[in-house]
Amino acid sequence: MAPEEHDMSSNAVAQPTTGAQDEEAAQRIRGMRERIDEIDSAIIALWQERARLSQQVGATRVASGGTRLVLSREREILEKFRTELGADGTQLALLILRAGRGAL
Ligand SMILES: O=C(O)C(=O)C[C@]1(C(=O)O)C=C[C@@H](O)C=C1
């Protein structure tokens, strides 16, 4: 079979390597990766839900004649993330805010 062809003769799905040097470590890594995958899916779903809500808040405020942004609220959120997560928290909060209200 040519290198770019896929073997469809089995139902086995190719799995990424664990990088471990023995089967017991490989099993433990696979177990932990299952939970990591669940956490990543939850983060993605929460990210999307938050962005939708943020857009709805903005649209509700603008429709009422208010401003698109409330910077005091953004500062509060940035401070919470910085307190809990340090400097990376600030960067994360900036990305989260941008996902909702768009770029400044
Ligand atoms: O809480 C609000 O008033 C929002 O509009 C939501 C949000 C946010 O994503 O958290 C977005 C824009 C505002 O400047 C402040 C906060």
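Residue positions are given per chain, counted from 1 along the sequence in the order it is written. Per-residue local features are limited, in this predicted model, to residues with pLDDT of at least 70; the limit for side-chain atom pairs, both in listing and counting, is 80 or more; totals at the level of whole chains, interfaces and linings are taken over all residues. The basis for every side-chain value is the complete set of heavy atoms in the structure, and neither hydrogens nor water enter the calculation.

Here's the deal with the confidence of the model for the protein chain
Point 1. Per-residue confidence from the predictor is given as pLDDT, running between 0 and 100. Here the protein chain averages 92 in pLDDT, while 90% of its residues score no lower than 70.
Point 2. The model gives residues 1-6 a pLDDT under 50, and that stretch makes 2 contacts with residues more than four places away or in other chains. Only heavy atoms matter for contacts: two residues are in contact if any of them lie within 4.5 Å across the pair.

Some remarks on the UniProt feature "domain: Chorismate mutase" (unreviewed entry) in the protein chain
Point 1. UniProt positions are given in the numbering used here, feature names are shortened, and annotations may be inferred rather than shown by experiment. Under the local residue numbering, the UniProt record ascribes the feature "domain: Chorismate mutase" (unreviewed entry) to residues 23-104.
Point 2. Only DSSP runs of H or I with at least four residues qualify as helices, and only runs of E with at least two residues qualify as strands; both kinds are numbered from the N terminus onward. Secondary structure within residues 23-104 divides into 87% helix and 0% strand; the distance between the first and last C-alpha atoms comes to 50 Å.

Structural notes on the pattern of salt bridges
Point 1. Just to be clear on terms, a salt bridge is a Lys or Arg side-chain nitrogen sitting within 4 Å of an Asp or Glu carboxyl oxygen. Throughout the structure, instances matching the rule amount to 6 salt bridges.
Point 2. In this structure, Glu-76 engages Arg-73 in a salt bridge whose closest nitrogen and oxygen atoms are separated by 2.8 Å. Here Glu-76 and its partner Arg-73 are both found in helix α2 (residues 71-85), 3 residues apart, which amounts to about one turn of the helix.
Point 3. Since its relative accessible area comes to 46%, Arg-73 is described here as partly exposed.
Point 4. A salt bridge links Arg-82 to Glu-79; the nearest nitrogen and oxygen atoms lie 2.9 Å apart. Here Glu-79 and Arg-82 lie together in helix α2, a separation of 3 residues that amounts to about one turn.
Point 5. Accessibility expressed as a relative area gives 41% for Arg-82, which makes it partly exposed. Relative accessible area decides the class of each residue, using a 1.4 Å probe on protein chains only: under 20% of the type maximum gives buried, over 50% gives exposed, and in between gives partly exposed.

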